[in-house]
Amino acid sequence: MISREYVTCAGPLIDNSLMDTRRGGWGGWRPPSEVRNIVRNSTVEYLVQAGHIHGDLVVNLPSPRDPVDVAAEELARAVRARWSAEAAGWELGDTEAPLAVRWLARWTSAAEPGAAVRSDRLGDVVDTLCGLDPRRLLVLGAPGSGKSTLLAMTVLRLAERHLGDVTRGVRGDRATPVPVLLTLESWDAETVAFRDWLVRRIEDEHPGLPRVAGAHPARRLVRDGRVLAVLDGLDELPDHRRAAVVRQLDSSPRESGFVLASRTEEYRALGLHLAGASDIEALPVGPRDVARHLLRTAPDALHEPWGHVVDELADHPEGPLAQALATPLMIWLARRAYHAPYTNPGRLTDRVRLPTREAVEKHLLDAVIPAAFAPRAHDTERLHAPGHWNAVRARGWLAFLARELDRRGTAEFSWWRLNRAWAARLLAAPTLLAVCIVVAESVLSVTTWAQDRYGDSLLPASIFAHTDMLMGFAFGMGVQMATLLWFGDRVWEPRRRANPFKAGAALRSASRGASVRKGLTALAILLVPSALYLLMDQGTYHAGAFTVQSLLSYAVPALVTAVIAAPSDTVDAATPDDLLRDERRTALLTLGVVNPLIGLGAGAQALLTGHGPVEVWAAAAKAFTGAAMVLVVLSPWFLWVVSKAWLAVLGRVPWSLMEFLRDAYGQGLLQRYGGAYRFRHLMLQEHLAGRVQHTQRPPVIPAPRQQPLVVTGPQPRRRPPATRPAPRLSEVLDNPPPVHQLRGYTVVSTEEAYVLSGRDRRLPLGHWPWCGLFMIVAMLRLAATGEWNNLSGWSSVAFWPVFAVFFNLVAWVLPKTTVELRLDAHGVEARMGRRRVAYAWQDVLAVRVRQVHVRGRNQRYYGPHVRLRPGAPEPGRAFRGRDDWYLVMPLHVRPAMPPDVVDAFVRFSGGRWRG
C-alpha cells in the first residue's frame, strides 16, 4: 500500500506538482491543471507513479537481480565496447565485399562431423559453440589464415548474445557466457593454474566491476562457468610452455570452457590432445574468391590494374601469386599496399622479380609500410594536424621495436618496458643519477647560501646541509614501499588509476585494492620504521618535534599516496594512452601534494626546535627534494620520458612515440591488447626484425680445385688463422660447462645412476640488506643529533658494513660444504651439508628449473625443482619453494643447468623433465 507520505531515497530527484498551494493542504485538494514530473540523476531500476488512489495499490516488482548477473552484464558491455572499437581498427565487418574464408569443422557434439562452416556464417559457429558440452573449441590454421579475426568476431557475437539474453530475462547459468579475449604470454602454465590466471587477468583489466559480497566478482564468474576464455597466441610460446598450456587446459574443470587458437603445425607437433574439444581449421582462400574480393574493394581508378592480377590468378591458380594470396593477411596487405590511385598492383604479376611465394610475401610486407605512412593532405590552419611520418624512418622505428620484442621473446610492446632496450639501459641510469645530483646540489647551494646570508644559526649551514634531504629521501622510500605493498603493484609497472579528485570513490577503491595480508605488510612498513625513528629520537633535546615530523612526513603522505595511487573503478579495459596518462597524473600529483607534505614535516620539525624562518623553509625545500628523487624521478612515467628521449636522440624511436604508435594502430599495422601494442601479425614482426626462416638449405657446391700458385722472390707474411673471440660473460653464464670440468667436483655417470659430488664454499649475502638498513638508521640518528664531528657517531655508522664484511670473512674460512646429487631409476637425492632431501619418481609429477625461494625469500639463484603428487610426503621448510614446487638443490645463478645434469634428468625422470 502506498500512503501519502514523503519518502526519501538515494535515487532520482522527483518534482511532482500535485498540490494546489493556493488552497493550502490536502484538505483543499482539487485536480491539478498541470502535472510536472522531473527526474534527475536517476539510478533506480523501476519508477512507479500513481495518480488518484482509492483503496490499496499493489505493485508486483521483479525480484532484485543477483549481483553476479549484474557483474556479468557489465563485463559483457565492456567487452563489446572494447572489441567493437578493435574490430573497426582491424577493418573487420566489411559487409559490402566480405572475404569468403572457409573453415573445416570437426564437432564432437551438436553437429555432424566434417561439416564445412563459412566465416560469414559466424552465427552458426557461435550457436554450435554454445551448445557444446564441454564448451571447448580449437581454432587452427596456417599463419595469417584469419584465426585472430575469427576470435575477435566470435567475442563480439558472444557478448551481444549475452546482452540479448539479459534483455529477454535469461539469467544465471542459462545465459550465454561472457567472452574474455586474452593472449597467453602472461600465463606461466607450469606454475599458475588456469582459473587463477584467468581471475587475475579479469581483475587487472576490469577493476571496476560491481562487487559481490565486497569482493571482485571475477572468481565467482570463473567458478560458476559464466566466463568463456578466448585464448590467442599458443604458437608464439616456447615449446615447453605450449605443452604446459595444453595440459592445464585439458585438466581444467568441464565448466571452464575456452576457445584456443594456434597454428596447425605448432599444435600438431606437441603430440597432445584436448579431451572433448571440437576444432575448426581454416582452409586456403581460392583464387576466384580472392579475385572477386579485390575487384569489389578496389577504387574505380584501379579496376584496370587489378584486372592484371585477376588474370594472373585465373591463368595460374597454382602460381606464386595465388599461393601467396591464399590467406586473409596477405590479401589485406595487397589491398593496403595498393589502395592509392598512383599505385600499380600489376607489379604483383612480375614473375621475374617475384618468382616464388616467399618473394611475393616479402614484397607485400615491405610495401605496406610506405603505403600506411603516405603523405596526406590536411588543412594548414589546423592546430593539431595529423602526423606526417617519413616512411623510411617509420620502417626503421618499427624495425627497432620488432627487434626488441624478438630479443625479449615476446610479441607485446608496453611503453613502461622501453627502458629494457640496451641503449636505454646504458644511458637512462646515468641520466637519472645525474638529474638527482644536479637537482640536489642546486637546492643545497641555494638553501646553504640563504641560510648563511639570512639565517639565525651560529653554525655554518653546510654542516647540516644533507640532513633534511636524506630524511626526505628515506621518508619517500618508505611511502613508496608501503603503497606498493598495499596494492600489490610491481615496481615500475603501471596500472589504471582512480580519479583522486573524487576522494570518496578513490578511498573506496583504495580499501578494495588490498587484502588483509597486504594491509598488514604495508602497516608493518609504516609502523616499524616510525617506531624505530621515535625510539631513536627520545634521547634528543626535542622529542615532540620529531614525533610531529614522523606523522606529517611519513604517516599522512602514505595515506594520501594510497588515495592518489588507488586502482581505477572503471569497467573498461585500459589502453596504453590511459595507462600513460594516469601515471603522468599520479607523478605530478605526487610532486604537488605528497612531496610538500614531507617537506612540511621537515619544516615543522625545524620550527618546533627553535629555528628561524629561513632554516624552516630550507629544511622543507631539502626534504621536498629528497622525496622527489624517489617518488617522481624513479616513477614509471619519468623513466619512460628519459628512455624515450635517449632513444629518440639515437634515432631509434620518434620523439612523439605514442602518437606514432597511435597512427600505426590507425593504419592497421599494430593492434591493441589492453595496455600493450602488438604487430598486426607475428609474420610482420618477424619480417621487420630480420628473422628469416629457411625451409630448405641451399645445396653447397664445392669450388673447383686450383693449381698451387708458385711465387718467386720473398714470401709474403702469412696471417695467423682467425681465432674465435673470447665468449662474453653472459654467454658463459647462459651456457654453463659440464660439472666434471669444474674444479673440486667429480661425476660418475653410468647406465644405472648419475652421481655428482664435491665441496663448495658458500658466500652468504642475505645479511647485507639488514646491515644497510641499520646503517641508514645510524646515519639518520647522526643527522638528527647534528653530531657530524663526533667520532663515536661515525663509528656507529661504519660498524654495520664492517660487520657485514667480517661475517663474509668468517664464512669464507669455515670448512667447505659437501654437495652431492644422485639420480637413478628410483628417484633423485640431494645433500647440501647437513641438509638432505629425496624424492621418489612415483611421487613426482614434473621437474623443471626455477628460481630458489627459501622460506619465501628470493635467493637470486636457480636449481631443479619437482612438483609432487597430492598426498606425497613433503620435505623440510628449507626445500619448500613457491607455487607447490620443491627444491632439489641450487646449481646456477641463471636459469640454465650444466648439460650433463640436464641429460641425467632426461634419462632418469621418465619424461617428467620440463626444461
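Residues numbered from 1 in each chain as written. Predicted model: local features only at pLDDT ≥ 70, side-chain atom pairs only at ≥ 80, totals over all residues. Heavy atoms only, no water.

## Focus: the overall build of the protein
1) Next: A count of helical and extended segments in the protein gives 27 helices and 20 strands.
2) Next: Burial statistics for the protein: of 915 residues in total, 46% are counted as buried.
3) Next: Look at the contacts in the protein between residues 6 or more apart in sequence, and 72% of them connect residues 24 or more apart.
4) Next: Looking at the protein as shown, the accessible area adds up to about 49500 Å², and 57% of this sits on carbon and sulfur atoms. (Helix = DSSP H or I, 4+ residues; strand = E, 2+ residues; numbered from the N terminus. Buried < 20%, exposed > 50% of the residue type's maximum accessible area, 1.4 Å probe, protein only. Contact = heavy atoms within 4.5 Å. Areas by Shrake-Rupley, 256 points an atom, 1.4 Å probe, with all protein chains shown as cover.)

## Overview of the side chain of Glu-361
1) Next: Mapped onto the fold, Glu-361 is located in helix H12 (residues 357–372).
2) Next: In this view, Glu-361 contacts Ala-324, Met-330 and Met-683; residues no more than four positions away in its chain are not counted.

## Here we look at the packing of helix H14 (residues 422–454) against helix H21 (residues 636–649)
1) Next: Their axes nearest at 9 Å, the elements H14 and H21 cross at an angle of 120 degrees. Taken as axis vectors, H14 and H21 run oblique relative to one another. When you trace H14 past H21, the crossing you get is right-handed. Listed contacts from H21 to Ala-423, Ala-424, Leu-427, Ala-428, Thr-431, Leu-432 and Val-435 of H14 are Phe-638, Leu-639, Val-642, Ser-643, Trp-646 and Leu-647.
2) Next: Residues that form the contact of H14 with H21 fall into these classes: eleven nonpolar, two polar and no charged. (Axes fitted to C-alpha atoms, helices over the stretch in contact; angles between N-to-C directions. Parallel < 35°, antiparallel > 145°, perpendicular 65-115°, else oblique. Left-handed = near helix turned anticlockwise from the far one by under 90°. Nonpolar A, V, L, I, M, F, W, Y, C, P; charged D, E, K, R; others polar.)

## Digging into the nonpolar core
1) Next: Formed by 153 residues in total, the largest nonpolar core has its most connected members in Leu-325 and Phe-373.
2) Next: With sequence-adjacent residues up to four places away left out, Leu-325 is seen in contact with Val-285, Val-290, Leu-294, Leu-313, Met-330, Ile-331, Ala-334 and Leu-364.
3) Next: The next biggest cluster of nonpolar side chains, apart from the first, holds 34 residues, and it includes Tyr-839, Trp-841, Phe-879 and Val-901. (Core = buried A, V, L, I, M, F, W, Y, C linked by side-chain atoms within 4.5 Å.)

## Here we look at the sheet that holds strand E15 (residues 817–824)
1) Next: Pairing is antiparallel across the open sheet formed by five strands, whose spatial order is E13-E14-E15-E16-E17. At either margin of the open sheet sits one strand with a lone partner, and together these are strand E13 (745–749) and strand E17 (835–840). If you compare each strand with its neighbour and ignore which way they point, the axes differ by 5 degrees on average.
2) Next: Where E15 meets strand E16 (residues 827–832), five bridges bridge the pair, whose relative direction is antiparallel. Paired with Arg-822 across the strands is Glu-829, a residue of E16.
3) Next: Those strands touched by helix H27 (residues 899–908) are E13, strand E14 (753–760), E15 and E16, and its axis lies near 145 degrees from that of E14. (Pairing = 2+ DSSP bridges.)

## Things to note about the packing of H12 against helix H23 (residues 682–689)
1) Next: Relative to each other, H12 and H23 sit at 85 degrees, their axes nearing to 11 Å. Compared by their axis directions, H12 and H23 come out roughly perpendicular. Contact residues: H12 offers Glu-361, Lys-362, Leu-365, Asp-366 and Ile-369, while H23 offers Met-683, Leu-684, His-687 and Leu-688.
2) Next: Tallied by class, residues from the contact of H12 with H23 come to five nonpolar, one polar and three charged.

## Overview of the packing of aromatic side chains
1) Next: For the structure shown, the criterion picks out 15 aromatic pairs.
2) Next: Considering the side-chain rings of Trp-187 and Phe-194, the 5.5 Å spacing of their centres and the 45 degrees angle between planes classify their relative orientation as tilted. For the pair shown, Trp-187 and Phe-194 are each scored as buried.
3) Next: Between Trp-415 and Trp-416, the aromatic rings sit 5.5 Å apart at their centres with planes inclined by 90 degrees, giving edge-to-face as the arrangement.
4) Next: Judged by its relative accessible area of 2%, Trp-415 is buried.
5) Next: A relative accessible area of 13% means that Trp-416 is categorised as buried.
6) Next: An aromatic cluster is defined as three or more aromatic residues linked by ring pairs; in this entry it consists of Phe-373, Trp-389, Trp-397 and Phe-660.
7) Next: If you follow Arg-672 out to its NZ or CZ, it ends over the ring of Tyr-665, 4.3 Å from the centre. (Phe/Tyr/Trp six-rings, centres within 6.5 Å; stacked < 30°, edge-to-face > 60°. Lys NZ or Arg CZ within 6 Å of the ring centre and 35° of its normal.)

## What about the pairing of strand E8 (residues 258–263)?
1) Next: Burial within E8 is extensive, with six of its six residues counted as buried.
2) Next: With burial as the criterion, each face of E8 is covered, one bearing Phe-258, Leu-260 and Ser-262 and the other bearing Val-259, Ala-261 and Arg-263.
3) Next: Pairing of strand E5 (residues 136–141) with E8 involves six bridges; the strand directions are parallel. Its bridge partner lying in E8, Leu-140 is registered against Ser-262.
4) Next: Note: strand E7 (residues 227–232) against E8, three bridges, orientation parallel. Bridge assignment links Ala-229 to a residue of E8, and that residue is Phe-258.
5) Next: The handedness of the E7 to E8 crossover, carried by helix H6 (residues 239–251), is right-handed. (Right-handed = clockwise from strand over helix to strand, strands pointing away.)

## Regarding the environment of Pro-341
1) Next: In this fold, Pro-341 is placed in the loop between helix H11 (328–337) and H12.
2) Next: Of the residues examined, Pro-341 reaches a relative accessible area of 64% and is grouped as exposed.
3) Next: Sequence separation between Pro-341 and Ala-298 is 43 residues, and the spatial gap between their C-alpha atoms is 9.8 Å.

## Topic: the pattern of salt bridges
1) Next: Applying the stated criterion across every chain, the model contains 33 salt bridges.
2) Next: Measuring nitrogen to oxygen at the nearest pair gives 2.7 Å for the salt bridge that ties Arg-407 to Glu-404. One end of the pair is Arg-407 and the other is Glu-404, both in helix H13 (residues 391–408) and three residues apart, which spans about a single turn.
3) Next: For Arg-407, a relative accessible area of 37% translates into the label partly exposed.
4) Next: Asp-577 is paired through a salt bridge with Arg-662; the nearest N and O atoms lie 2.7 Å apart. With a gap of 85 residues between them, Asp-577 in helix H19 (residues 576–608) and Arg-662 in helix H22 (residues 657–666) connect regions that are remote in the sequence. (Salt bridge = Lys/Arg side-chain N within 4 Å of Asp/Glu carboxyl O.)

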